[in-house]
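Fold and geometry: a report
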Amino acid sequence: MAEQKLVEAFITQVIANSDYTDLDRIYLRNQILSMVGDSAVSAVTSKRDLLDLKDELVQIAQANGNCKGDSAERAIIGADLMALLTPRPSVVNKRFWQTYQKSASKAINNFYELSKRCDYIKTRAIAKNSYFVTPSKYGKLEITINLAKPEKDPKKIAQAAKTQSTGYPLCQLCLENEGYEGRADYPARRNHRVIRFKLNDELWGFQYSPYAYFNEHCIFLSAKHEPMTIARSTFNNLLTIVDQFPGYFVGSNADLPIVGGSILSHEHYQGGKHRFPMDEAPITTKLQFAGFPTVKAGLVKWPMSVIRLRGIDKEALVSLAAKILTAWRTYSDETVNVRAVSAGEKHHTITPIARKEGSDYVLDLVLRDNQTSAAFPAGIFHPHPDVQHIKKENIGLIEVLGLAILPPRLVPEMNEVKKYLLGQPNAIKQIHLQWAQEIKERQPIQAANVNQILQDELGQVFARVLEDAGVFKQTPAGQAAFMRFVNEVGLA
Ligand SMILES: [Zn+2]
């Protein structure tokens, strides 16, 4: 392709994707040169793609000493450049709500496209993630090996929840991230925008996740930096959001360590436009709760312990969910190791997920218990030691729904497992050896089927991970115990 001036090519793209016009060309050039250094003015390129042009400008900035070589500083200059085509927050919000009045879906879609275009959603990093679907006795499961985002240690997550941060912004979910430059230990957010909205009389923000795990993965966050809480208001908020954001599901991580998500210090939910394996899981036992004739309820055929509520009466669903939560917070059943409290510490909470099907609200309540024991120091209802070679992180909202987010280390590690299975020289890690031996004994492995076998085996491990996290197991004894709990809540 013909070469052209790099800065001018970038400016042309900025003008095409923003409110800037040709009259702004000189002004934009000077903005860009102030970021990357004056020598860029004579640089030429054969690239046309906006992000490729941005990358070349970042390289020049680095060569000019305008940014150090580390990834944090490169990301900061990159976000600064992309911010040139990201409208001011007030403009983004005004356009969103103007369009929303005519079509909520169009407003949401426009904001999604903007978040991608300005490189807030890291489409190129997301494209590197490995994704596949695998069968299990609970139906299909989804697996993604996340190569875009580093994994977090559950113990550090628990510590972070307890320590009061003194920095600015207080956390990565605070509204104060909007336009924040970033630093060595904090992501660049110059091109970050948040839609403000009223959620049951409180101010909330709506944004996308930069490292999406599924289609239109978004985050709803409280304007206040307050800890995650599961309460009656949570159920009301979730059912309100599925009305306000048509086509989106929304769920909350639980509010306790081990069974919660990675950020417990800031109230937030996750949503998006995706149908998960758990959504397809059928009801095994229909339930009718006393006092809630309009709510169709049931136990779900799923490795985790799910009570599904369905109906058009939002208030009834919220009240019943609150009643179930209250009952679960104090419910113990020694016969199945379920204890609400030990040594003064509360263990019980719920991971709730809401969606709409036609005019019905569907609210899935996933019961969680975060006890630890001498045998299971990481958690009794957490992936057990024999599957931690694949997954040792918390089983959060997204995994509960049947989408495994596996750590990046598994890509090189599975390559060695593959060589081991094929009898080739390999550097298989000790942690995978027993599992790999069992697979080899069970499966006729050839070069042609080794990838498929490995994917299916990862799916089997993920099913086990979810079974470990289930409080009432999918066994006759487990389901009988589940029925004792729902009876305690009060069946009709
Ligand atoms: Zn915060």
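Residues numbered from 1 in each chain as written. Predicted model: local features only at pLDDT ≥ 70, side-chain atom pairs only at ≥ 80, totals over all residues. Heavy atoms only, no water.

1. Details of the overall build of the protein
What counts here: Put simply, DSSP marks the helices as runs of H or I at least four residues long and the strands as runs of E at least two long, and each gets a number from the N terminus on. As a reference, a globule follows 2.2 Å times the number of residues to the power 0.38, and the radius of gyration itself is taken over C-alpha atoms. Burial classes follow relative accessibility: with a 1.4 Å probe on protein chains only, a residue under 20% of its type's maximum area counts as buried, one over 50% as exposed, and anything between as partly exposed. Here, two residues are considered to be in contact whenever any of their heavy atoms come within 4.5 Å of each other. Accessible surface is estimated by sampling points in the Shrake-Rupley manner with a 1.4 Å probe; for residues, cover comes only from the protein chains shown. Think of it this way: Lys and Arg go in the positive column, Asp and Glu in the negative one, and His and the chain ends go nowhere. In plain terms, the charge of a residue is placed at NZ if it is Lys, CZ if Arg, CG if Asp and CD if Glu.
Secondary structure summary: the protein contains 16 helices and 17 strands in total. A compact globule built from 492 residues would reach a C-alpha radius of gyration of about 23 Å, and the protein, at 25 Å, matches this within 12%. Counting only C-alpha atoms and orienting by the principal axes, one finds that the protein spans roughly 75 × 60 × 40 Å. The 492 residues of the protein split such that 53% are buried. Taking the intrachain contacts of the protein between residues at least 6 apart in sequence as the baseline, contacts between residues at least 24 apart amount to 63%. Accessible surface, the protein: about 21,500 Å² in total, of which carbon and sulfur atoms supply 53%. Put simply, the protein has 59 plus and 52 minus side-chain charges, and the middle of one group is 2 Å from the middle of the other.

2. Remarks on the sheet that holds strand β9 (residues 268-272)
The condition is simple: Strands were regarded as paired on the criterion that DSSP finds at least two bridges between them. For helices, the fitted line uses only the C-alpha atoms of the stretch in contact; every axis is such a line through C-alpha atoms, and the angle between N-to-C directions lies from 0 to 180 degrees.
Pairing within the open sheet is antiparallel, and its 10 strands lie in the order β5-β6-β7-β9-β8-β15-β16-β12-β11-β10. Looking along the sheet, the strands with just one partner apiece sit at the ends: β5 (195-199) and β10 (283-287). Recorded for the sheet is a direction-independent mean angle of 25° between the axes of neighbouring strands.

3. Some words on the coordination of the zinc ion
How we decide: With water omitted from the atoms examined, metal sites may look incomplete; donors here are N, O and S atoms no farther than 2.8 Å from the metal, or 3.2 Å in the case of Na, K and Ca. By the criteria applied here, four donors are tetrahedral when all angles lie between 85 and 135 degrees, four are square planar and six octahedral when opposite donors are over 155 degrees apart and every other angle lies between 65 and 115, and any other arrangement is irregular.
Distances from the zinc ion to its protein donors, namely Cys 171 (SG), Cys 174 (SG), His 225 (ND1) and His 266 (ND1), fall within the range 2.1 to 2.3 Å. Each of the four donor atoms bound to the zinc ion contributes to angles spanning 103 to 124°, and the resulting shape is tetrahedral. One chain supplies every donor to the zinc ion, and in sequence these donors are spaced C-x2-C-x50-H-x40-H. Highlighted residues: Cys 174 in the loop between α8 (154-162) and β5 and His 266 in the loop between β8 (249-251) and β9, separated in sequence by 92 residues. According to the relative accessible area criterion, His 266 is buried, its value standing at 0%.

4. With respect to the nonpolar core
Rules: We call a set of buried residues a nonpolar core when its members are Ala, Val, Leu, Ile, Met, Phe, Trp, Tyr or Cys and they connect through side-chain atoms within 4.5 Å of each other.
Grouped together as the largest cluster of nonpolar side chains are 60 residues, with contacts concentrated most on Phe 206, Phe 220, Phe 289, Leu 309, Ile 324, Phe 472 and Phe 485. In terms of residue count, helix α11 (residues 314-329) provides more of this core than any other element does, nine residues in total. Apart from residues no more than four positions distant in its own chain, Phe 220 is found in contact with Phe 197, Trp 204, Gly 205, Phe 206, Ile 241, Phe 245, Tyr 248, Val 250, Glu 267, His 268, Tyr 269 and Gly 271.

5. Some remarks on the packing of aromatic side chains
Geometry of an aromatic ring pair is reported as the spacing of the ring centres plus the angle between the planes. As a reminder, the rule being used: In this analysis, rings of Phe, Tyr and Trp, with Trp reduced to its six-membered ring, are considered paired at centre separations within 6.5 Å, and the interplanar angle assigns stacked below 30 degrees, edge-to-face beyond 60, and tilted for intermediate values. In this analysis the charged atom, NZ for Lys or CZ for Arg, is taken to sit over a ring once it is within 6 Å of the ring centre and within 35 degrees of the ring normal.
Throughout the structure, instances matching the rule amount to 27 aromatic pairs. Measuring from ring centre to ring centre gives 5.2 Å for Phe 197 and Phe 245, while their planes differ by 75°; the resulting arrangement is edge-to-face. Taken as a pair, Phe 197 in strand β5 and Phe 245 in the loop between α9 (232-244) and β8 lie far apart in primary sequence, 48 residues in all. Summarising the burial analysis for this pair, Phe 197 and Phe 245 share the class buried. Here the aromatic rings of Tyr 331 and Phe 485 are separated by 4.9 Å at their centres, their planes lie at 65°, and the arrangement is edge-to-face. A residue pair is termed long-range when its members are at least 10 positions apart, and Tyr 331 in the loop between α11 and β13 (341-342) and Phe 485 in helix α16 (residues 476-489) qualify at 154 residues. By relative accessible area, which is 9% here, Tyr 331 ends up buried. The rings of Phe 96, Trp 97, Tyr 100, Phe 111, Tyr 112, Phe 197, Phe 206, Tyr 208, Phe 220 and Phe 245 are connected pair by pair, giving a single aromatic cluster. Looking at Lys 356, its charged tip hangs above the ring of Tyr 361, at a distance of 4.6 Å from the centre. One cation-aromatic arrangement involves Lys 440 over Tyr 420; the distance from NZ or CZ to the ring centre is 4.7 Å.

6. Some points on the domain arrangement of the protein
As a reminder, the rule being used: Residue ranges for the domains trace back to a domain assignment, done automatically or taken from a database. Buried area: the accessible area, evaluated with a 1.4 Å probe, that two parts lose upon being put together, summed over both parts. Just to be clear on terms, a salt bridge is a Lys or Arg side-chain nitrogen sitting within 4 Å of an Asp or Glu carboxyl oxygen. For this analysis, a polar contact is any N or O atom pair within 3.5 Å, provided that within protein one partner can donate a hydrogen and the other can accept it, and provided that sequence-adjacent residues contribute only side-chain to side-chain pairs. Only Asp, Glu, Lys and Arg are considered charged, only Ala, Val, Leu, Ile, Met, Phe, Trp, Tyr, Cys and Pro nonpolar, and every remaining residue, Gly among them, polar.
Each domain of the protein was delimited in the assignment, giving domain 1 (4-83) and domain 2 (123-404 + 472-489). The gap between the C-alpha centroids of domain 1 and domain 2 is 40 Å. Taken together, the contact between domain 1 and domain 2 spans 11 residues of the former and nine residues of the latter. Contact with domain 2 buries area across many residues of domain 1, yet Ile 76, Ala 79 and Asp 80 alone supply 49% of it, more than any other trio. One salt bridge connects Arg 124 with Asp 52, and the closest N-O pair in it is separated by 3.7 Å. Linking domain 1 to domain 2 there are two residue pairs in polar contact (both at pLDDT 80 or more). Broken down by class, the residue content of the side of domain 1 that touches domain 2 amounts to seven nonpolar, no polar and four charged.

7. Observations regarding the UniProt feature "domain: Galactose-1-phosphate uridyl transferase C-terminal" (unreviewed entry) in the protein
Operational definition: UniProt positions are given in the numbering used here, feature names are shortened, and annotations may be inferred rather than shown by experiment.
UniProt records the feature "domain: Galactose-1-phosphate uridyl transferase C-terminal" (unreviewed entry) at residues 242-436, using the numbering of this structure. Counting secondary structure, residues 242-436 comes out at 24% helix and 27% strand; the distance between its end C-alpha atoms is 43 Å.

8. Comments concerning the environment of Ser 332
Checked against the element boundaries, Ser 332 lands in the loop between α11 and β13. Here Ser 332 falls in the partly exposed class, since its relative accessible area comes to 37%. With residues up to four places along the chain from it excluded, the contact list for Ser 332 reads Val 338, Arg 339 and Ala 340. Within the local environment of Ser 332, its side chain forms a polar contact with the backbone nitrogen of Ala 340, the two atoms lying 2.9 Å apart.

9. Structural notes on the sheet that holds strand β3 (residues 130-134)
Pairing between the strands of a sheet is mediated by backbone hydrogen bonds and can be parallel or antiparallel. Taken together, three strands build an open sheet; the order of strands is β3-β4-β17 and the sheet is mixed. With one partner strand each, in any of the chains shown, β3 and β17 (403-406) form the two edges of the open sheet. Along the sheet, successive strands turn relative to each other by an average axial angle of 20°, direction set aside. Sheet topology note: the strand β4 (residues 141-145)/β17 ladder contains four bridges and is parallel. Looking at the pairing, Ile 145 lines up with Leu 406 of β17. Contacts between helix α15 (residues 450-469) and the sheet are confined to β3, β4 and β17, with β4 contributing the most and set at about 105° to the helix.

10. Examining the pattern of salt bridges
As enumerated under the stated definition, the model contains 40 salt bridges in all. Between Arg 25 and Asp 22 there is a salt bridge; the shortest N-O distance is 3.4 Å. Of the residues examined, Asp 22 reaches a relative accessible area of 55% and is grouped as exposed. In the salt-bridge network here, residues are joined through shared partners; they are Arg 275, Asp 279, Glu 280, Arg 308, Arg 310, Arg 355, Glu 357, Asp 360 and Asp 364.

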